[in-house]
Each structure stands twice: as structure tokens, then as C-alpha cells.
Amino acid sequence: MKQGFSPRRRLLLGLLGAGGALACGWAALPPRQRLHAAFSDPSAQSVALNGWVQIAPDGQIIVMVHRTEMGQGIHTGLAMLVAEELEVSLSQVRVQHAPPDPIYANLTAVVDMLPFHPDDDSLSRRLTDWLMLKTAREIGLQLTGGSSGIRDAWQGLREAGALARSLLIKAAAERWKVAADACSARDGRVWYQQQSFSYAELAQDAAKQQVSTVQLKPASAFRLIGKPQQRLDAFAKSHAQTTFGIDVRLPGMLFAAIRMPERFGQQLASMDAAAIRQRPGIRAVVDVSADVGQGGYPGVAVVAESYWQARQAADALPVVWRGGDANLSSEKIRTQLEQALTPAAAHVYHYQGDARGVLVNPEGRRILKAEYSAPFLAHAAMEPVSFTAHLHDDRLELWGATQVPTVVYQLAQHLTGLPAQNIVLHELPAGGAFGRRLEADMVRQVIAIAKAVKGKPVQLIWSRSDDMQHDMYRPAAIARFHAALNEDGTIAAWENLSASASIAHQFTQRLLGLPGMGPDKSTAEGEYDLCYQIRNQQIAHAIVHSDVPVGYWRSVGHSHNAFFKECFMDELAHTAGVDPVVFRLRHLKAGSRHEAVLKRLADGLDKAPESQAWGIALHACFGAVVAMAALVSVQDGQIRVHRIRVVADCGLVVNPNLVEQQLESGVIFGLSAALSGEITIQGGRVQQSNFHDYPVLRMNEIPRIETVLMQGGDVPQGVGEISVPPVAPAVANAVAALTGRRLRKLPLRLHSVD
């Protein structure tokens, strides 16, 4: 096995490989500020007090939001941070998408990619974290993902609000000719005794002020943070007034449908465009392969006056593809993963003690082995892939939802040759994304189409089958466990070896054209960062080449590694003859967040009704800790989940409503995957095409979900993905408690028992 780990491995942007010297040069620079943007709009009527906060003439506060709204409520959460410090109600705030600027970079998501163990407090880790922060600020990557939206903005947006408040107070104090500390801000006004000015009245003067320091409010003074608030987009979404990417309509707009390869790895050999050119409404037939390159799927787009015309013509277009592996199948891929499960092929992400030595010479200890597997999964967002582009007058406008606007801007410049100031991205909310909009393949395609119909806006829409069969999938994975139990029922040794494709390797190749290399944290997260106290442990992972494109999927590696790890913990508890809760508690650090969350979960569980059973799981990810219990029965050979209880410590809770919604959403998302999610490959292509053969939970199948939020610190932690990982193991462990049968393969089916 490849042991040891260099923390300066090459990451998402190739920052520490060829760019290592540049990163070290940046390290010598003073920290880049995150308050003032270089971009300014001279036509704006509002007054900018910093890069995040503007005051409109009507007194409304405009907050520049730098993360994509995908249903998680991030715009409301970000607005709350500013409103709290600016002393205004949420009703006085509206949001506007931030322009491209380094101050809007996601620093937290970049640092989170470093594969350090949670207990690692070494100097090398601190130095590497510091260097990554410096580098991330210089690169300026705007990114929505990794449950990092509020975590990353917590300090910066409150400082922006506090700075704006200080400037407004100073402007008012000068008018009254009194000391600034004699004035206060409240409800959108600055007060001195019984006199007051509105923020709108002070905005122009405030923009000319300067302050050297700002004072953030103590938590004891919060009026918004920590209290339930209605979402800013609630009314618009509930009244069908929200414009998603697929809803865009522009004067004279054309529509494009796309034909993409039938098998993975295929390229366009030929097409007969003349066969469809005489169809009603057809405007163009465009080979997008050159602009897509290695950044996605090649294909041929048909442009027409309506989407129906484009779709029908695209389906009728005679196309010949070449290449691809016609023998690629789910069975072949599983064999490849199994063959990779060797010490020589694996990288050791964490070890302590001598697990191998104990397992080779157990000295009478009980030994348990198990193997688990998980399939490819599609993102299957309700809104299929779409994007709109208009290339005209040496200007490119784009409309759509993306989790990586920085990449979209850079791609647009590269593919059109236009300067940055001639490119405008109108960011729109996504009808679900779950990581799919971290990709830019649809942007490459629509720009290629827009160049072919220059002067006309064109909207590219993928069909549902396009979306399902040309995704960047959650990787299939397999894991083997080998453990020894002491006589007292505690774990003496734990060995975990897993295999899957690397998302990071493929992602950097697709988005940046850079070859992936080195270990990939996302493959082993949820395995190597065990919360359990085990004296002898070794966790390793082997990266396997994949002809199937893989990408970031909600909770990424945690989504399957939690299933592997928590099911094996349950099997060990059963082998030891110890209650699953008690067994876990024995292996948790006393006084830890994990212990508190698990105890809170157990205290709230009532006795399972007859013919039903509880199963539990405990998992930590994205800075949060979640304990979950599932109440399950088996009816006519089918698993039925009746209740899910979630206890979460996600740090300081900014908006309990949003957190509870996200926990519930994650449970439903995770349960759909656990019970029926599976992408299968046959003949080099995906077999599933729509929700009839890739089902998600229907409303009548959704269990009662109970959420408990525990306060776990003075800063927020991740929320959007944290309730997905423990769902599958909680359900599987409940099935085992009820039937005695261990389901070691996802999705969970009683006819498939290992």
C-alpha cells in the first residue's frame, strides 16, 4: 500500500503542482481583502457601501449574493447575515447576483478538499490550510457546493453589514455634529436621541466615509440569526413567479435539441443534415464537438423555431457514431473494482497502531469480514439541463443556473475570444442541481450553438432521457472491511479497503483541461475520518479508471461510505452481542459532539410497534454531526420506511426553518437513492431513461420526518448534504434488526442479500 501523504497534493485548480511556485509567491503577499469589489456599475441607482451591500433610493438593502439558489434557501441565509449586522428586517432586503470578482470566492470549499484527518492539528496542516486560503483568494473561484455557503460567508457578510452600519452611523453623526458612539442604528435608520435619518438619506454621504475597524454584534444581541425566518423566495415560488433557466423567453428566441453519443466514449463519425433541413422551422444543424472537447459529451444540435420542432428533427437526424466500448457493463465495472481491492493499488489515507498485525495474529479475538457495494447514481434534478445564449454585436449574454460562474465566464471568453467586459451571465435559480451544475458541458454546447446562429438568442434544452443517460454520475464503489473484537466487545482492529473512480481527476480534466493525479479526498471521505476511537485502524482507497463520467453528487463520497461504515459497525455490534447504540457510544470520545448527538437520538426513540424495527446510523460530514433512526417494516417483500428521526449538530443555526427543510430534503433524497436509485450499464450505455425506471419517492411513500437541532458552537457548519449519508445505513440496519438479513448492496432490496 502507498502510505504517507503529502498535504501539498495537486487540487482542483492545479494550484500546487505546476502552480506551486505561484502559490508560494502569493503566500508572501498580504491577505486579499474580501469587502470591496473591483467591479462597479456606473448606471446603478443604488449606492454601494462595499462589495456586498448597496442602498437603493427607496431604502431597500441590496445584498450581493455569490452562491446559486438551488432550493436550499441560501439567498435567504446570506441576506440574514447582512440584515442582522445592518439592523434591518429581512423584509427590507432584496438580493442580487454578484458579478465576477475575487472577493466572492469560496475559500471554505477549497480548503475542505484537503484530505487531513479531523484530529490532525499538526503544523503541516495549519500551514497547508493557510496556503490554500491565500491561493483560493487569488484564484477567486465562485462555487456553490460542499455545504459551504453559510460557512464561508459567516464572517465576511457580517463584516460587510457591520461596515455599512458604521459608515451610515458616521455619516449621520457628522450631520448632527455629535460623536458616532452617541448614535445607534435600528430598523433602517440611524438615531440620535429622538432624531433619525433613514439609510437612504445617508447613503451618499456614507459612501464617502472611512472607518478603520468594525464591531460585530455579539450572539446575545442577535435579533434575526437563530430565529425562524420566511424565505425571501417563498412568495414568488409558491405563485409561479420564479424564472428558472428553462423558463427564459426572449424576443426572436430559437430552441435547440441535442443528439449525443449512444455509448460512452463515442465520437461523431458522420451525419446527414440534409435529411432534416426541409422540416418546418429548422434553422441550423450544429456539430458542437469541437467546442465541447474533453469538457463533456460531443453531439449534434438541431436549432428550430420551437423546441418540439428541434426535438423531433434531432431524433430523426441520421447520425453515425464511432468508438466506445460496446462491452462496457455494470458487471465488468464491478469486476474492475474488485480487482483493484489490493494493498498495492491503494493509497492509505489514515492509519494508527498496527491493524494488520492484530488481524494477522488475532490471538483469540473474534474476526468479522464484510463487503459492501454501491451503484452509479444520476442527479435527476426536476429541471433538466438547459442554458440560453445570445451572441450579438461582439457581446455574449448567457442565462441559466450554474454552480461555477467563474468557470462559465472563463469558458465564454475562451470559446468566443471576447473580452470579459463583453460577457454577461444572468444567473438564475436551479430547479435542483445536487452537484450537476458544477459541470459546464451544457455551457460549452450552447455557446457553440450561439456562434452558429449569431444574432439570435437560442435556448438549449436536454430531454429527460438526455439528462439521465448523459450525466456525470455518482461513482460506483465497493468496500471490504476486516475487524477484530476484543473479549469485552470493543474493536481491537479495523481495516477498510475500498475502490472507485476519482471525481476530482475527471473534474479537473473536464473543466480545466488538466490531468488528474494523486489521492482524491472525496473517494475516502466518511471512511478515513472515523469518529470512532479505535486503537488500530487502517483506511485505504484504490482509484480505478472509469469510462463512465463521474461527478460530484449530493454529499459525494459520504453518500456511500457512510453506508459501508455504519452497516459494518452494526454488524460488529451484533457479533459482540451489544446494543447498536451502546456499542457506538463505547467507541466515541467522552464529551464529544458525536456522543451528545447519539444520546439525544436514543433518548427520543420510543419502542418500535410490532412487526417494525428501528435502525440507527451516526455520521459526521461538512463540519456537522448527524444521528439518524429509521423505523421500518417489510410489507409484501418490500421495505417500507414509516418514520425517520434526525438529530443534527450543525453548529450555530442561522435560520432553523431552512435547516429543518434541508434535513428533510436530504432524507427524502437519500431514501430515494437507498431504496431504488441505480444506474446500470449495458452495451456501453445507460439503461435508465426517465423516472419510470429511475424512480424517486412519491408523496405517499415519504415517511414522517422528525428533526432535532442541537446547538453545537458559535459558528455555522454544513447543512445541505448532511442528512443524506446516514439514511441508507439506518434503513439497512433496521431491516437487519427486523429480519436478521444483512443487505450489503445498494439499492436495498430483499431479494439481493450478500
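Residues numbered from 1 in each chain as written. Predicted model: local features only at pLDDT ≥ 70, side-chain atom pairs only at ≥ 80, totals over all residues. Heavy atoms only, no water.

1. What about the overall build of the protein chain?
Note the cut-off: Helix and strand assignments come from DSSP, with helices taken as H or I runs of at least 4 residues and strands as E runs of at least 2, each series counted from the N terminus. With the radius of gyration taken over C-alpha atoms, the globule rule is written as 2.2 Å times the number of residues to the power 0.38. When accessible area is computed with a 1.4 Å probe and restricted to protein chains, residues below 20% of their type maximum are described as buried, those above 50% as exposed, and intermediate ones as partly exposed. By definition in these notes, contact holds between two residues if any of their heavy atoms fall within 4.5 Å. His is not counted here, nor are the chain ends, while Lys and Arg score as positive and Asp and Glu score as negative. We put the charge of a Lys on NZ, of an Arg on CZ, of an Asp on CG and of a Glu on CD.
Each helix and strand counted, the protein chain has 21 helices and 27 strands in total. For a compact globule of 754 residues, the expected C-alpha radius of gyration is about 27 Å, and the protein chain comes in at 27 Å, within 12% of that figure. Projecting the C-alpha coordinates of the protein chain onto the three principal axes gives extents of approximately 85 × 75 × 55 Å. Looking at the protein chain residue by residue over its 754 residues, the buried ones come to 61%. When contacts within the protein chain are restricted to residue pairs at least 6 apart in sequence, those whose partners lie at least 24 apart make up 77%. Of the side chains in the protein chain, 73 bear a positive and 71 a negative charge, and the two mean positions are spaced by 1 Å.

2. Quick word on helix α21 (residues 727-739)
Convention followed: To estimate the expected span of a helix, count its residues, drop one, and scale the result by 1.5 Å.
If you check α21, its first and last C-alpha atoms are 18 Å apart, about what 13 residues at 1.5 Å a residue would give, namely 18 Å. Within α21, ten of the 13 residues are buried, which leaves it mostly tucked inside the rest of the structure. Taken residue by residue, α21 has V727, A728, P729, A730, V731, A732, N733, A734, V735 and A736 as its buried positions. Summarising the contacts, the buried residues of α21 are in contact with α17 (558-576), α18 (580-586), β22 (613-621), β23 (624-635), β24 (638-649) and α20 (656-676). Once α21 ends, the next one or two residues include G740, with phi positive near 80 degrees.

3. Here's the deal with the side chain of H594
Locating H594 in the fold gives a position in helix α19 (residues 593-603). Apart from the residues within four sequence positions on either side, H594 is in contact with C531, L588, L618, A620 and V625.

4. Looking at the sheet that holds strand β5 (residues 184-186)
The test is simple: Here, any two strands with at least 2 DSSP bridges between them count as paired. To obtain an axis, a line is fitted to C-alpha atoms, over the contacting stretch when the element is a helix, and the angle between two such axes runs from 0 to 180 degrees between their N-to-C directions.
A sheet is described by the order of its strands in space; here three strands give the open sequence β5-β6-β7, paired in antiparallel fashion. One side of each edge strand has no neighbouring strand; the edge strands of this open sheet are β5 and β7 (195-198). Between one strand axis and the next, the sheet turns through 30 degrees on average, direction left out of account. The sheet contact formed by strand β6 (residues 189-192) and β7 spans four bridges and is antiparallel. Across the sheet, V190 pairs through a bridge with F197, a residue of β7.

5. Observations regarding the environment of S546
Note on placement: S546 falls in the loop between β21 (536-543) and α17. By relative accessible area, S546 is classed as buried at 16%. Sequence spacing of S546 and L78 is 468 residues, and the spatial spacing of their C-alpha atoms is 38 Å. Once residues lying within four places of it in the same chain are set aside, the contact partners of S546 are A501 and Q506.

6. Remarks on the packing of aromatic side chains
This is how the line gets drawn: Stacked, tilted and edge-to-face pairs are distinguished by plane angle, under 30 degrees for stacked and over 60 for edge-to-face with tilted covering the rest, among Phe, Tyr and Trp rings (Trp via its six-membered ring) whose centres lie within 6.5 Å. Placement of a positive charge over a ring is assigned whenever Lys NZ or Arg CZ falls within 6 Å of the ring centre and within 35 degrees of the normal to the ring plane.
Enumeration over the complete set of coordinates arrives at 16 aromatic pairs. One aromatic cluster is present, formed by Y372, F481, W494, F563, F564 and F568 through successive ring pairs. The ring of F669 has R554 sitting right over it, with the charged end atom 5.2 Å from the ring centre.

7. Regarding the packing of helix α2 (residues 74-86) against helix α5 (residues 149-176)
The test is simple: In a left-handed crossing the near helix is turned counterclockwise from the far helix by less than a right angle, and in a right-handed crossing that turn is clockwise. For this scheme, ten residues count as nonpolar: Ala, Val, Leu, Ile, Met, Phe, Trp, Tyr, Cys and Pro. Four count as charged, namely Asp, Glu, Lys and Arg, and the remainder, Gly too, count as polar.
For the pair α2 and α5, interaxial distance at closest approach is 7 Å and the crossing angle is 35 degrees. Considering how the two elements wind past one another, α2 and α5 form a crossing that is right-handed. Mapping the contact onto sequence places I74, G77, L78, L81, V82, E85 and L86 in α2 and G149, I150, A153, W154, L157, R158, G161, A162, A164, R165 and L168 in α5. A per-class count over the contact of α2 with α5 returns twelve nonpolar, three polar and three charged.

8. Description of the pattern of salt bridges
Note the cut-off: Each salt bridge in this description consists of a side-chain nitrogen of Lys or Arg and a carboxyl oxygen of Asp or Glu lying within 4 Å of one another.
Evaluated as defined, the whole model comprises 41 salt bridges. Between D205 and R175 there is a salt bridge, with its nearest N and O atoms 3.0 Å apart. Within this pair, whereas D205 is found in helix α6 (residues 199-206), its partner R175 is found in helix α5, the two being separated by 30 residues in sequence. The salt bridge involving D233 is made with R231; its shortest N-O contact spans 2.9 Å.

9. Remarks on the sheet that holds strand β3 (residues 61-65)
Spatial strand order, β1-β2-β3-β4: four strands in an open sheet with mixed pairing. At either end of the open sheet lies a strand with only one pairing partner, and these are β1 (47-48) and β4 (93-97). Note: β3 against β4, five bridges, orientation parallel. Counterpart to I61 in the pairing with β4 is V93. Relative to strand β2 (residues 53-55), α6 is tilted by about 120 degrees, and along the sheet it contacts β1, β2 and β3.

10. Focus: helix α13 (residues 441-452)
Taking 1.5 Å per residue as the helical rise, α13 with its twelve residues ought to reach 16 Å, and the 17 Å between its terminal C-alpha atoms agrees with that figure. Within the span of α13, buried status applies to D441, M442, V443, R444, Q445, V446, I447, A448, I449 and A450.

11. Things to note about the confidence of the model for the protein chain
Just so we agree on the cut-off: The predictor attaches a confidence to each residue, called pLDDT, with possible values from 0 through 100.
Looking at the protein chain, pLDDT values average 93 and 95% of them are 70 or higher. Note on residues 3-24: pLDDT is under 50 here. Beyond four places in sequence and across chains, it has 50 contacts.

12. A look at the pairing of β24
Burial within β24 is extensive, with nine of its twelve residues counted as buried. Across eleven bridges, the pairing between β23 and β24 is antiparallel. Following the sheet pairing, V626 is matched in β24 by A648. Where β23 folds back on β24, the antiparallel hairpin that results is connected by two residues, among which D636 adopts a positive phi of roughly 55 degrees. Bridge analysis of β24 against strand β27 (residues 704-710) gives seven bridges, and the strand direction is parallel. The residue of β27 that forms the bridge with R645 is E706.

13. A look at the packing of α20 against α21
Rules: Here the word oblique covers every angle except those under 35 degrees (roughly parallel), over 145 (roughly antiparallel) and from 65 to 115 (roughly perpendicular).
Following both chains from N to C, one finds α20 and α21 inclined at 55 degrees, their axes separated by 8 Å at the closest point. It follows that α20 is oblique to α21 by the angle criterion. Considering the relative orientation of α20 and α21, their crossing is right-handed. Between α20 and α21, the contacting residues are G666, V667, G670, L671, A674 and L675 on the first element and V727, A728 and V731 on the second. Of the residues in the contact of α20 with α21, the class split is seven nonpolar, two polar and no charged.

14. A closer look at unusual backbone geometry
The linkage connecting L746 with the following residue, P747, adopts the cis geometry, with an omega of -5 degrees. A positive phi is found at E87, a non-glycine position, where the angle reads about 60 degrees. Tracing the backbone through its elements, the reader meets E87 in the loop between α2 and β4.

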